[in-house]
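Listed below, chain by chain, are the residues.
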Amino acid sequence: MSLARWLPGLDSLLHYRFDWLPRDVQAGLSVAAVQIPTAIAYSQIIGFPPQVGLYACILPMLIYAIVGSSRQLMVGPDAATAAMVAAAITPLAAGNPERLLQLSMIVAVLVGAMSIAAGFARAGFVASFLSRPTLVGYLNGIGLSLIAGQLGKILGYHSETSGFVRGLIALVRNLADTHFPTLALGVGTLALMILLPRRYPKIPGALVGVLFASVIAAVFGLDQYGIKLLGEVPQGLPQLSWPKTSYEELGSLFRDAMGITIVSFCSAMLTARSFAARHGYAIDANHEFMALGMANIGAGISQGFVISGADSRTAVNDMVGGKSQLVGVVAALVIGLVLLLFSKPLGWVPMPALGAVLLMAGWGLIDFRALRGFWALSRFEFGLCVLTTAGVLSVGVLPGIFVAIMLALLRLLYLTYRPHDAVMGWVHGIDGQVELEQYPNAHTLPGLVIYRFDAPILFFNADYFKQRLLEVVAEAPSARAVLLNAEGILNLDISGLTTLREVQQTLDAQGVHLSLARVTGEALAMLKRSGALGEVKPPLVFSSVRAGVNAYRRVHQQHKREQAAERAAPASETELPDQPL
């Protein structure tokens, strides 16, 4: 077994360059400074006490530092996955905190097991399964839901911890009961977190904002003025335990866990790949699936919840100059020390400060620039993005994701059912062939139709292919041959083969010969195996369009010579003088 293959993080640590140590320690401290307030805040999304968010950091970060291959990626609680976990387990917990924690641990272990199985099955390609518009729409929906769900912490009234509609309804109902000291502290903390990084980019705004609010709360006793504080945080590290469950419970959570697995992995891979490309190395998606799965199992058995790649903390690591997986080890140890030695000061963190952190997180998930780009490039994909957001906001996170995926798949099927096709010709001064639709003045060879179909011919689009090709031939009444450019027909099933044979027979009946050019892949193998159209060689199949055109020219020239000879023969006979009897 190769250590570098299965445990690349451990291999990197065993061959560590000690000149990296100052940067890695500094980066680890910086990551921990951001991770602590955000982890506590994200635990609020699900309804957990603050220590659960910190529990979800320590063991997963240590595991990923050993197993993971990304030198920059930081794992930990994530706003999007936390919202998905809340949507999955909150209805089942029915307000029971112990039940909520057990369900969270079960989902984390289930997500971990699915991720490891997917890695062994080499299913890393699912990183590309969620299209960019779908992922942006999903994150936009999560961001808006997060903002709406945290307004109560800023305005000082109790509201549901998740849900866009519930958050807005709670805002309307409780707006008149706004607690102004809470609002002042929340807005002040939010302003500090926004403005401070603009002036000093290397300072963690979330940490400074929460520390500022906590010091103000402790010094002035803000709890006496009705401002809610985080409360007592238990001292000590989490106890490792295996969650108890049943087959029925696993079955009810299976669909939700699968959706969380896909989204968590795709989110982590987007972050890992972008930073790996920036630093000139590659990421193995299948191995990362397994690494993320093991980290999630670590979160589950240490009384935490599902984790993912943390883009904000990864960006902090990269900005400070972290060089290796040691950054994650340092950050995990710092968080553990905070739980052991500084749990009491955590109780002074005001709830409006955590609300401000979550508002910042929600706003950071909304990508307006991407929306403008989608509108400019593709109205359909812009609509898909907006529909995904609307689905997440209306029917919920997981159903919204599945609706978006189904829409994307239907779009793919539609593009394959009615693909782009073209009749080809030539324009002087342009190399190769051009599409007649784009160049109406292009010239063609008399009697030859060169047609291109840009998709496989399969059972659901075979009739469309037949219809389009016969329409093209009907629009060229002098056609004597059709050359099908098959470079886009990468696959051909039995229905497609049968339709292709029908087209050949129909054209033969009209006196039109069908040839194919540039046939490759499974389509070529199917033609060879079946022999349905004839021998796979000229004049049926040509290696290139040029070869097919040259063959047609030779036949056409021969045909013209034969026609000329036929016209000349009767003329010479009429010129013979009459012979007398």
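Residues numbered from 1 in each chain as written. Predicted model: local features only at pLDDT ≥ 70, side-chain atom pairs only at ≥ 80, totals over all residues. Heavy atoms only, no water.

## Observations regarding helix α17 (residues 368-377)
Every buried residue of α17 is accounted for by A370, L371 and F374. Within α17, the buried residues cover an arc of 100 degrees as seen down the axis, which keeps them to one side. Exposed and facing more than 90 degrees away from the buried side of α17 are R369, R372 and A376. Where α17 begins, the side chain of D367 points an oxygen toward the backbone nitrogen of R369, at a separation of 3.4 Å. (Buried < 20%, exposed > 50% of the residue type's maximum accessible area, 1.4 Å probe, protein only. Helix = DSSP H or I, 4+ residues; strand = E, 2+ residues; numbered from the N terminus. Arc of directions from axis to C-beta. Polar contact = N/O pair within 3.5 Å; in protein donor to acceptor, adjacent residues only side chain to side chain.)

## Focus: the UniProt feature "domain: STAS" (unreviewed entry) in the protein
In this numbering, the UniProt entry assigns the feature "domain: STAS" (unreviewed entry) to residues 438-552. In residues 438-552, helix accounts for 41% and strand for 16%; the two terminal C-alpha atoms are 25 Å from one another. (UniProt positions renumbered as here; feature names shortened; annotations may be inferred.)

## Observations concerning a nonpolar patch on the surface
A cluster of nonpolar side chains, contributed by L237, L337, L340, L341 and F342, occupies part of the molecular surface with about 490 Å² of accessible area. Among the structural elements, L237 can be located in the loop between α10 (205-220) and α11 (247-278). Relative accessible area serves as the criterion here: at 46%, L237 is assigned to the partly exposed category. (Patch = residues over 30% accessible without salt bridge, like charges linked within 9 Å, V, L, I, M, F, W, Y side chains within 5 Å. Areas by Shrake-Rupley, 256 points an atom, 1.4 Å probe, with all protein chains shown as cover. Salt bridge = Lys/Arg side-chain N within 4 Å of Asp/Glu carboxyl O.)

## Some thoughts on the packing of helix α5 (residues 79-93) against helix α7 (residues 132-155)
Close contact between α5 and α7 brings their axes to 10 Å; oriented N to C, the two are set at 75 degrees. One element, α5, and the other, α7, form an angle in the roughly perpendicular class. Contact residues: A79, A80, T81, A83 and M84 in α5; Y138, L139, I142 and L146 in α7. Among the residues forming the contact of α5 with α7, the class breakdown is eight nonpolar, one polar and no charged. (Axes fitted to C-alpha atoms, helices over the stretch in contact; angles between N-to-C directions. Parallel < 35°, antiparallel > 145°, perpendicular 65-115°, else oblique. Contact = heavy atoms within 4.5 Å. Nonpolar A, V, L, I, M, F, W, Y, C, P; charged D, E, K, R; others polar.)

## What to know about the nonpolar core
Counting 103 residues, the largest nonpolar core has I45, I46, L54, M61, I89, Y138 and I335 as the members making the most contacts within it. When sequence neighbours within four positions are dropped, the list of residues in contact with L54 reads I36, A39, I40, I335, L339 and L346. Judged by nonpolar contacts, the second largest core, of 31 residues, contains Y451, F453, A479 and L533. (Core = buried A, V, L, I, M, F, W, Y, C linked by side-chain atoms within 4.5 Å.)

## With respect to the packing of aromatic side chains
Across all of its chains, the model carries ten aromatic pairs by this definition. Taking the centre distance of 5.9 Å and the plane angle of 40 degrees together, the rings of Y417 and Y464 count as tilted. On the criterion of sequence distance, the pair formed by Y417 in helix α19 (residues 397-417) and Y464 in helix α20 (residues 462-474) is long-range, its members being 47 residues apart. Aromatic rings pair up to connect Y16, F18 and W20 into one cluster. R71 extends its terminal NZ or CZ atom over the ring of Y281, reaching a point 3.9 Å from the ring centre. The cationic tip of R379 hangs over the ring face of W375; the distance from NZ or CZ to the ring centre is 3.8 Å. (Phe/Tyr/Trp six-rings, centres within 6.5 Å; stacked < 30°, edge-to-face > 60°. Lys NZ or Arg CZ within 6 Å of the ring centre and 35° of its normal.)

## Some words on α10
With 16 residues, α10 ought to run about 22 Å at 1.5 Å a step, and its terminal C-alpha atoms sit 22 Å apart, in line with that. Buried within α10 are the following residues: G205, A206, G209, V210, A213, S214 and A217. Seen end-on, α10 carries its buried residues on one side only, within an arc spanning 160 degrees. Contact partners of the buried residues in α10: α3 (21-46), α9 (180-199) and α16 (351-365). G221 lies just past α10 and shows a positive phi near 60 degrees. (Expected span 1.5 Å × (residues − 1).)

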